[in-house]
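Each chain is listed here by its residues.
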Amino acid sequence: KAGVTQTPRYLIKTRGQQVTLSCSPISGHRSVSWYQQTPGQGLQFLFEYFSETQRNKGNFPGRFSGRQFSNSRSEMNVSTLELGDSALYLCASSWGQAGELFFGEGSRLTVL
Amino acid sequence: QQPVQSPQAVILREGEDAVINCSSSKALYSVHWYRQKHGEAPVFLMILLKGGEQKGHEKISASFNEKKQQSSLYLTASQLSYSGTYFCGTVHQGGSEKLVFGKGTKLTVNP
C-alpha cells in the first residue's frame, strides 16, 4: 500500500516568488492536513481538507492557501515568499477527522 | 491553543525510564502522540480519548487525565530505537476537531 507522497521533496525559491506543493494521500483517505515544521516550533497546523472542503485553518497569513481535488490529492500554495517561510512542509492523510495521521516525508522549502 | 510539552529535552541511558508531559489550557476531547526520528516523518503512536484510559504501544504507554487536561507518555526500559522527538497533539472539546501539536520533546537514548 503506497504511503503519502509529497512533491517536490526539495526546492529553493527567492523572496517574492510563489510556490506550490503537492500531496497525494493514501488511497481511500479523504482527509488531508498540512503542517509547517521549523526548528523549535514543532508542527504548526496550516489547514485541513475533507472531500474538497477546507474544514479547519491555522493561524497563518492569507499568503498560505490550499485546495483539495476530487481524487483527494491536495496542493498548498504560498505566495510572496518570505525568508521566514523556509521550513519543512508536511502533509498527512487520514480516514476521517482527528484520527490517526499518516505523514509524508515532506517538502523542504528554502527561501533565499 | 498549542499544548505545552515538558521537558523540552531528555537524555537517557538504555534501560532507563522517562515521562513526557502534555498539558492544555482548554478542555480536551483527545490526545494524540507521535514520534519523529531524525530525518523521517512523524509516526503515530496512540490516541487517547477523554475518560482517563491508558493505552500502550510496545513498552510505551500513556495516560489521559481529563480533569487536569493533561496527558503523560511513559517510556519504560528505554531502547536506543526510542530516540527521536515526541509530539503530543490535542483536539479540544466543542471545537472544530483541529489537531494541534506541541513543540515536541527531544529524547536521546545512549548506550
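Calculation criteria
Residues numbered from 1 in each chain as written. Chains lettered and ligands numbered in written order. Predicted model: local features only at pLDDT ≥ 70, side-chain atom pairs only at ≥ 80, totals over all residues. Heavy atoms only, no water. Helix = DSSP H or I, 4+ residues; strand = E, 2+ residues; numbered from the N terminus. Rg over C-alpha atoms; globule rule 2.2 N^0.38 Å. Buried < 20%, exposed > 50% of the residue type's maximum accessible area, 1.4 Å probe, protein only. Contact = heavy atoms within 4.5 Å. Buried area = accessible area lost by both parts, 1.4 Å probe. Salt bridge = Lys/Arg side-chain N within 4 Å of Asp/Glu carboxyl O. Polar contact = N/O pair within 3.5 Å; in protein donor to acceptor, adjacent residues only side chain to side chain. Nonpolar A, V, L, I, M, F, W, Y, C, P; charged D, E, K, R; others polar. Pairing = 2+ DSSP bridges. Axes fitted to C-alpha atoms, helices over the stretch in contact; angles between N-to-C directions.

**Q** So what about the overall build of chain B? Which residues, and what values?
**A** In terms of regular secondary structure, chain B is built from zero helices and eleven strands. Secondary structure of chain B in N-to-C order comes out as β-β-β-β-β-β-β-β-β-β-β. Radius of gyration (C-alpha) of chain B: 13 Å, near the 13 Å computed for a compact globule of 111 residues. Oriented by its inertia axes, the alpha-carbon framework of chain B measures out at about 45 × 25 × 20 Å. Looking at the 111 residues of chain B, the share that counts as buried comes to 48%. Relative to all contacts within chain B whose residues are 6 or more apart in sequence, the contacts with residues 24 or more apart total 56%.

**Q** Would you mind going over the interface of chain A and chain B in detail, with residue names and values included?
**A** At the interface, 19 residues of chain A touch 17 residues of chain B. Buried area between chain A and chain B, summed over both chains or domains, comes out near 1500 Å², and the portion from carbon and sulfur atoms is 57%. The largest per-residue losses of area from chain A upon contact with chain B belong to Leu43, Ala98 and Phe103 of chain A, which jointly make up 30% of the total buried on that side. Between the two partners, chain A and chain B, sit zero salt bridges. Linking chain A with chain B are four residue pairs in polar contact (both at pLDDT 80 or more), by the criterion used here. Listed by contribution, the elements that provide at least two residues to the side of chain A that touches chain B are strand E4 (31-38), strand E5 (42-50) and strand E6 (53-57) of chain A. Ranked by the residues each element gives to the side of chain A that touches chain B, the list is headed by E5 of chain A, at four residues. Considered class by class, the residues forming the side of chain A that touches chain B number seven nonpolar, nine polar and three charged.

**Q** I'd like to hear about the side chain of Ser78 of chain B, residue by residue, with values.
**A** Residues and elements named next belong to chain B. Structurally, Ser78 can be placed in the loop between strand E8 (70-75) and strand E9 (84-92). Reaching out from Ser78, the side chain makes a polar contact with the backbone oxygen of Arg13 at a distance of 3.4 Å. Side-chain polar atoms of Ser78 contact the backbone oxygen of Glu16, separated by 2.8 Å. Dropping the residues within four chain positions of it, Ser78 is found in contact with Leu12, Arg13, Glu14, Gly15, Glu16 and Val109.

**Q** Lay out the sheet that holds strand E7 (residues 64-68) of chain A in plain terms, naming residues and giving numbers.
**A** Residue and element names in this part refer to chain A. The strand order across the open sheet formed by four strands is E1-E3-E8-E7, and the pairing between neighbours is antiparallel. The open sheet terminates on both sides in strands that have one partner only, identified here as strand E1 (5-7) and E7. With direction set aside, neighbouring strand axes in the sheet form an average angle of 15°. Taken together, the five bridges between E7 and strand E8 (residues 74-78) define a ladder with antiparallel strand orientation. Within E8, the residue paired with Ser65 across the bridge is Asn77.

**Q** I'd like a rundown of the pattern of salt bridges, residues and numbers included.
**A** All names here are of chain A. As enumerated under the stated definition, the model contains six salt bridges over all chains in all. Among the ionic pairs, Arg67 bridges to Glu75, the shortest N-O distance being 3.3 Å. We classify Glu75 as buried; its relative accessible area is 16%. The network of salt bridges with shared partners includes Arg63, Glu82 and Asp85.

**Q** I'd like a description of the pairing of strand E3 (residues 18-23) of chain B, backed by residues and values.
**A** Residue and element names in this part refer to chain B. With burial as the criterion, only one face of E3 is covered, namely that bearing Ala18, Ile20 and Cys22; the residues Val19, Asn21 and Ser23 on the opposite face remain uncovered. Relative to E3, strand E1 (residues 4-6) runs antiparallel, the two being bridged by three bridges. Of the residues in E3, the one forming a bridge with Ser6 is Asn21. Strand direction decides the pairing type here: E3 and E8, joined by six bridges, are antiparallel. Following the sheet pairing, Ile20 is matched in E8 by Leu73.

**Q** Describe the environment of Leu48 of chain B, and please don't skip the residues or the numbers.
**A** Residue and element names in this part refer to chain B. The topology assignment puts Leu48 in strand E5 (residues 43-49). Take Leu48: its relative accessible area is 0%, and that puts it in the buried class. The sequence separation of Leu48 and Val31 amounts to 17 residues, and the corresponding C-alpha distance is 5.2 Å.

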